Each structure stands twice: as C-alpha cells, then as structure tokens.
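Residue strings, one per chain:
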Amino acid sequence: MSSLEDAIKAVYDTNFRRHGKLSYTVPSPDTYPFQWFWDSCFHAITLSYLDIERAKNELRLLVTGQFANGMIPHIMYWQVPPHNAFPEIHWGKRRTSSITQPPMLAAAVWRIYEATGDTEFIQEMLPHIDAFHRYLFRNRDPHHIDLIATVNPDESGEDNSPRFDRVLGLSDPRHQFVDNFKARLKLVDDLRAARFVLKNKVDLRHWVYDVPFNAILAESLRITSLLAHHAGNQMIAMWSEARATKVRAAMHDIFRRRHIYQSVYGTRLRHIPTRTWAMFMPLYAGVASDLEAEYVVENFLLDKREFALPYSVPTVSLAEPSFDPSGDWRGDWWVGTNWRGPVWMSTNWFIIQGLLRYGYIAEAKKIYHSSLELIKHSGFREYYDPLTGQGHGATNFTWAGLILDMEELLKLASARDQN
Ligand code: GLC
C-alpha cells in the first residue's frame, strides 16, 4: 500500500461509523457528521480499492433510507453526535432530509462489480437504483422533456453554486453566504408546506434542469443497463438503455447553446449562462460531439482567463463576477461549503472521466497531478484555492479518496492508448 493509500485509509477509519450490522463514513467528523447520498457513493468507489465489504455495507445502509416512492434522501441522520455543529434544518421527515442528490449509486455499484465480479450484489442493489430512476422520471419531469429537474440547489450537490443565483433571486454575484443559505432554506420550507407534492404546489420557476445532474443521470442509466445485463434482468436493461438515449438526446436539444451546454430553468426553459465546471459534464455523459468537446477544452479548460489556473480545475471560471477562490468563512453564520470557485476532488474526478472519454489523456493527467499536489500539500480538505492551492472548508474530508480511482482510470486509458 502506498503512503497516500495509507493516509486515505486513516481518514476513512477516523470517519467510520457503525449502524446496526451495517456502516457508513461521515464526510467530515466536525462539519458533516451524518450519511450523505452522493458522498456515500464516492466513499464506496474509494473503498472498492481499500475494503470491499465496507464499500458494500455503506451502500446497503444508504438504500435502507430510500423512500417508498423511490426517492433517496440526501442526508440520513442515523446518529446525532453530542457536539453537533451542523445546522438544524426542518426537512419535515423523521431521520432524513426531504430532497435528493445526483444519481451516483449505479456508478458506485459498477466499481464494486469491477473489483469483485459479484452479480449477487448487483441483484441486491438493482431494484433500488431502478426505483430511484423511476422516481425521477415520475416526479421531476413535469413537462415530459426527458430531463430531470432539481427543486433545490442542494440537490445538485453544489449547494451555493452561482448557477443557481438567478432562481434564488440573488442578483449580487458577491452576496453573503447567509443570504444564499436562507434562500435555500425557504425552498425547504415551501416543499414541506406543500407536503412534498411537487407537481402541483411547488413553484415551477425554481426548478432547474441542471447539466451535471442530467449528465450523471444519463451515465447512471447506461451503467444500470450494463449492470442489469450482467444480472440477467433484461427488463431493467432495456428500460434503462432507452431512457439513457432519451436523456442524451434531450441534453443535446435543450441544453446546447452555441457549442456549450447550459442548464435551463423554469417553465420556459431559460438558459443559465454562468460559466462553471458544468460545461465539461457533457463529456462525462458522452453527449458532446467531438467538435463541441474540443470547443470547451480549447476555449475554457485550457484558457488562463477561464479555467486554466495554477491549480486545476476551479468550479467557476475566473472570468465570472461570482468567482471566489478561497471560500473563506465569512461572518458568524455557519458556512460549510463553497462552490463559487474552489477546486473540489469530485468535480476533478468527473472532468477526468469526460476528458478520457474523448481522448484528452494529457489534459486528464494534468488534472490528476494537480489533485495529487493539492492533497499532498494541503491535506484532506473540503476544497482548495485554485490560485494558491490552500485548503479550505471541512477538515479530514473524505473525497480526496477519489484520487485512487483517478489513478486507475488514467492507467487504463494510457494502456489502451499504447495498444
Ligand atoms: C456539502 C456539499 C455536498 C455534500 C455535503 C456533505 O453540502 O455541497 O455536495 O454532499 O456537503 O459532504
């Protein structure tokens, strides 16, 4: 085991929590002491290199929190620590939140399958993955456009990303975090007051058809089709593949605006032009044409005025007025995240996969090396300043574990390239 692997294992051991016969990993003991949906998927991917049983158990516990309608809530409060710093939010549910996060479960199960060849585990997880996908199409596509909408920015996983400023009614790109947080809490209150009946009661103007969420969904459906195939479930395999095709086509038709894919919102599907890392996600889903991929790589990823900063890849372009690289905590209000510029390990992981899909191996390697440098110099932090490399936000944060998967993906891509 390399020293980096040892260091990752140490973080994962500190953040390990048992729950009955199963277990989970808290993203950060001080800042995020519960189980989070997409975090658990990142954890399972990391754990597929370190401890397969633990990877499986984390996903097994995750799906015990799935609602009867198929939704997987994004936070599960299995146990509240005595000195809890996480703000109390009135979700209107008993031990969970009432909103979701990007559909990462299939990708996590796929990594476990790759490591083990275990089809029984696929069989165990498949109904949960499928029920979640069906929930999304039933409840989050009110206009039947084959794209899924998020009802709260937190559902994207990028809580305060400037992509959502407009729907939150925040016109100042440098507004205080507290104003952003309050606007998101208001959406939680509205949802609770509407008794979670999305279609009829919640104001559709707040709905965002987000590029990363739908890119992750398209991949999730494609992977589910593969998983179902391996587990001998042709029904799910066919349904998922057909849906994946539809989502990809809709992304192409609705998101595309002058070579770039932009999230849209509201009943009139208005484009959100804010330049964030989201523009690289059509590569992850294989939706972009070769020319479109080249366009965003050349004009944005590799441009020093946009995303080519000393440390890769900032979540928001340097050219945006909202760009805020350090993510320092301001004021005395609880501030735990910053998606307005800093580098995150999850977004680098997604971008690397997209680049490899289109043959940009050197560019992907550069992001991997930048990620490695950030972890080595600034440790296991929530996010990093793309200008200085300094770490910010939560400490003992788990997502740097994804570096193990980035390394493996690059190894595989380089080997393929040489053949
Ligand atoms: C923050 C992040 C979100 C993550 C959670 C736990 O809210 O924005 O993506 O799931 O922390 O790490």
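Rules used in this analysis
- What you see as residue numbers is a count from 1 along each chain, following the sequence as written.
- Local features are withheld for residues below a pLDDT of 70 in this predicted model, meaning they are given only at 70 or higher, and side-chain atom pairs are given and counted only at 80 or more; totals for whole chains, interfaces and linings count all residues.
- Excluded from the side-chain calculation are hydrogens and water; included are all heavy atoms of the structure.
- Helix and strand assignments follow DSSP, with helices taken as H or I runs no shorter than four residues and strands as E runs no shorter than two, numbered in order from the N terminus.
- Radius of gyration here uses only the C-alpha atoms, and the compact-globule reference equals 2.2 Å multiplied by the residue count raised to the power 0.38.
- A contact between two residues is defined here by any heavy atoms of the two lying within 4.5 Å.
- In these tables, accessible area is a Shrake-Rupley quantity obtained with a 1.4 Å probe, and a residue counts as shielded only by the protein chains included in the view.
- Two residue types count as positive, namely Lys and Arg, and two as negative, namely Asp and Glu; His and chain ends fall outside the count.
- By convention, the point assigned to a charge is CZ for Arg, NZ for Lys, CD for Glu and CG for Asp.
- To sort residues, take the accessible area from a 1.4 Å probe on protein chains only and compare it with the maximum for the residue type: under 20% means buried, over 50% means exposed, and anything in between is partly exposed.
- Lines fitted to the C-alpha atoms define the axes, with helices restricted to the stretch that makes contact. Angles between their N-to-C directions range from 0 to 180 degrees.
- Our angle categories are set so that under 35 degrees counts as roughly parallel, over 145 as roughly antiparallel, 65 to 115 as roughly perpendicular, and the remainder as oblique.
- Handedness of each helix crossing follows the sense of rotation of the near helix against the far helix: counterclockwise by less than a right angle gives left-handed, clockwise gives right-handed.
- Three classes are used: nonpolar for Ala, Val, Leu, Ile, Met, Phe, Trp, Tyr, Cys and Pro, charged for Asp, Glu, Lys and Arg, and polar for all others, with Gly counted as polar.
- Strand pairing follows a simple DSSP-based rule, namely that at least 2 bridges must link the two strands.
- In a helix, the anticipated span is given by 1.5 Å times the number of residues less one.
- In protein, a polar contact requires one atom able to donate a hydrogen and another able to accept it; more generally it is a pair of N or O atoms within 3.5 Å, and residues adjacent in sequence count only if both atoms are side-chain atoms.
- For this description, a residue counts as near a given molecule or strand if any of its non-hydrogen atoms is within 4 Å of it.
- Working definition of a nonpolar core: buried Ala, Val, Leu, Ile, Met, Phe, Trp, Tyr and Cys residues. They are joined through side-chain atoms within 4.5 Å.
- Here pLDDT means the predictor's own confidence in every residue, given as a number from 0 to 100.
- Take a side-chain nitrogen of Lys or Arg and a carboxyl oxygen of Asp or Glu: if they are within 4 Å of each other, that pair is a salt bridge.

1. Focus on the overall build of the chain
- Along the chain, the regular secondary structure elements total 15 helices and 11 strands.
- In terms of C-alpha radius of gyration, the chain reaches 20 Å, essentially the compact-globule figure of 22 Å for 419 residues.
- Referenced to the eigenvectors of the C-alpha coordinate spread, the extents of the chain come out at roughly 50 × 50 × 50 Å.
- The contacts in the chain between residues at least 6 apart in sequence include a share of 71% that link residues at least 24 apart.
- Carbon and sulfur atoms make up 50% of the accessible area of the chain, which amounts to about 16700 Å² in all.
- When the 46 basic and 48 acidic side-chain charges of the chain are each reduced to a single mean position, those positions are 6 Å apart.

2. Concerning the side chain of Asp303
- Looking at where Asp303 falls in the secondary structure, it is placed in the loop between helix 12 (290–301) and helix 13 (345–357).
- For Asp303, a relative accessible area of 16% corresponds to the buried category.
- Among all residues touching Asp303, those that are not within four sequence positions of it are Glu298 and Ala308.

3. Quick look at the packing of helix 4 (residues 105–116) against helix 9 (residues 211–230)
- The N-to-C vectors of helix 4 and helix 9 enclose an angle of 40°; their axes lie 9 Å apart at closest approach. Our classification of the angle between helix 4 and helix 9 gives oblique. Considering only the axes of helix 4 and helix 9, their crossing is left-handed. Across the interface between the two elements, Ala106, Ala107, Val109, Trp110 and Tyr113 from helix 4 touch Ser220, Ile223, Thr224, Leu226, Leu227 and His230 from helix 9.
- Considering only residue class, the contact of helix 4 with helix 9 consists of eight nonpolar, three polar and no charged.

4. Re the pairing of strand 2 (residues 22–25)
- By the alternation rule, side chains of strand 2 split into Leu22 and Tyr24 and Ser23 and Thr25, which are all buried.
- Where strand 1 (residues 16–19) folds back on strand 2, the antiparallel hairpin that results is connected by two residues, among which Gly20 adopts a positive phi of roughly 60°.

5. Concerning helix 10 (residues 234–255)
- Between its terminal C-alpha atoms helix 10 stretches 31 Å, which fits the 32 Å expected from 22 residues at 1.5 Å a residue.
- The opening residue of helix 10, the one whose side-chain oxygen lies 3.3 Å from the backbone nitrogen of Met235, is Asn233.

6. Section: the site of the ligand
- Surveying the vicinity of the ligand reveals 12 residues, the closest of which are Asp39, Gln101, Gly157, Asp159 and Trp339.
- A distance of 3.0 Å is found between an oxygen atom of the ligand and a side-chain nitrogen or oxygen belonging to Gln101.
- Within the contact set of the ligand, an oxygen atom lies 2.6 Å away from a side-chain nitrogen or oxygen of Asp159.
- Protein coverage of the free-state accessible area of the ligand, which is 310 Å², stands at 96%.
- Split by residue class, the shell around the ligand holds seven nonpolar, three polar and two charged.

7. A few points about the nonpolar core
- Grouped together as the largest cluster of nonpolar side chains are 138 residues, with contacts concentrated most on Leu59, Met104, Leu105, Leu227, Phe280 and Phe350.
- When residues in this core are grouped by element, the largest group, 10 residues, is from helix 9.
- Ignoring any residue separated from it by four or fewer positions in sequence, one finds Phe280 in contact with Val296, Phe300, Leu301, Phe307, Val313 and Ile351.
- Membership of the second largest hydrophobic core comes to five residues, among which are Val167, Val208, Tyr265 and Ile272.

8. Concerning the confidence of the model for the chain
- Averaged over every residue, the pLDDT of the chain is 95; residues scoring 70 or more account for 96%.
- Of all secondary-structure elements in the chain, the lowest mean pLDDT belongs to helix 8 (residues 198–201), at 66, while helix 2 (residues 37–47) reaches the highest, 99.

9. Remarks on the sheet that holds strand 9 (residues 270–271)
- Taken together, three strands build an open sheet; the order of strands is 5-8-9 and the sheet is antiparallel. Lying at the two open borders of the sheet, with one neighbouring strand each, are strand 5 (208–209) and strand 9.
- Where strand 8 (residues 264–265) lies against strand 9, two bridges are found, and the strand directions are antiparallel. Bridging from a neighbouring strand, Val264 pairs with His271 of strand 9.

10. Things to note about the pattern of salt bridges
- If you walk through the whole model with that rule in mind, you get 24 salt bridges.
- Put simply, Asp165 and Arg340 hold a salt bridge, and the shortest N to O gap is 2.8 Å. You can see Asp165 sitting in helix 6 (residues 165–168) and its partner Arg340 sitting in the loop between helix 12 and helix 13, a full 175 residues away along the chain. Here the two residues Asp165 and Arg340 agree in accessibility, since each one is buried.
- Because the salt bridges share partners, they merge into one network encompassing Glu53, Lys56, Arg60, Asp118 and Glu124.

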